[in-house]
Amino acid sequence: PGNKTSHLAALLAQQPTKNTNIIHALDKATDRFKLLQQRMGELVGAAVSCHYLDFFEASSKKFQNVRAILLDPSCSGSGMTSNHMEA
């Protein structure tokens, strides 16, 4: 968890103008969220706010100024493909 988020944070940090953007990273799985927090804490100068939260339960008031969303749905890294393998 956090690879795309850290990449996006690095790209924003390279902007020549003063950057006031905040990246909100959400994860609803406890173990993945803890790892996400750890990785984002290691980034220097990154404006990343981690939330232990299901995207579908996110409050529109809390995220009212969000201008873009990068959606990263579950993939094989989460074990989803093993649940749907066909012989």
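Report follows, based on the coordinates. A quick note: this is a predicted structure, and the numbers were derived from the prediction, not measured. (Residues numbered from 1 in each chain as written. Predicted model: local features only at pLDDT ≥ 70, side-chain atom pairs only at ≥ 80, totals over all residues. Heavy atoms only, no water.)

**Brief notes about the environment of His51**
- Within the secondary structure, His51 sits in strand β2 (residues 48-52).
- A relative accessible area of 9% means that His51 is categorised as buried.
- Residues His51 and Ala25 lie 26 residues apart in sequence; the distance between their C-alpha atoms is 6.0 Å.
- Among all residues touching His51, those that are not within four sequence positions of it are His24, Ala25, Leu26, Asp27, Phe33, Lys62 and Phe63. (Helix = DSSP H or I, 4+ residues; strand = E, 2+ residues; numbered from the N terminus. Buried < 20%, exposed > 50% of the residue type's maximum accessible area, 1.4 Å probe, protein only. Contact = heavy atoms within 4.5 Å.)

**Details of the packing of aromatic side chains**
- Tallied over the full model, the rule gives 2 aromatic pairs.
- On the numbers, 5.4 Å between centres and 50 degrees between planes, the contact of Phe33 with Tyr52 is tilted. Linking Phe33 in helix α2 (residues 30-41) with Tyr52 in strand β2, this pair joins segments that are 19 residues apart in sequence.
- Ring centres 5.6 Å apart and planes at 75 degrees place the aromatic pair Phe55 and Phe56 in the edge-to-face group. (Phe/Tyr/Trp six-rings, centres within 6.5 Å; stacked < 30°, edge-to-face > 60°.)

**Some details on the nonpolar core**
- With 7 residues, the main nonpolar core is built from Ala9, Ile23, Ala25, Phe33, Leu36, Met40 and Val48.
- Per-element tally for this core: the top contributor is α2, with 3 residues.
- Setting aside residues up to four positions removed in sequence, Ala9 forms contacts with Ile23, Leu43, Ala46 and Val48. (Core = buried A, V, L, I, M, F, W, Y, C linked by side-chain atoms within 4.5 Å.)

**Let's talk about the side chain of His51**
- Within the structure, His51 has its side chain in polar contact with the side chain of His24 (distance 2.9 Å).
- A polar contact of 3.2 Å, which involves the side chain of His51, links it to the side chain of Ser49. (Polar contact = N/O pair within 3.5 Å; in protein donor to acceptor, adjacent residues only side chain to side chain.)

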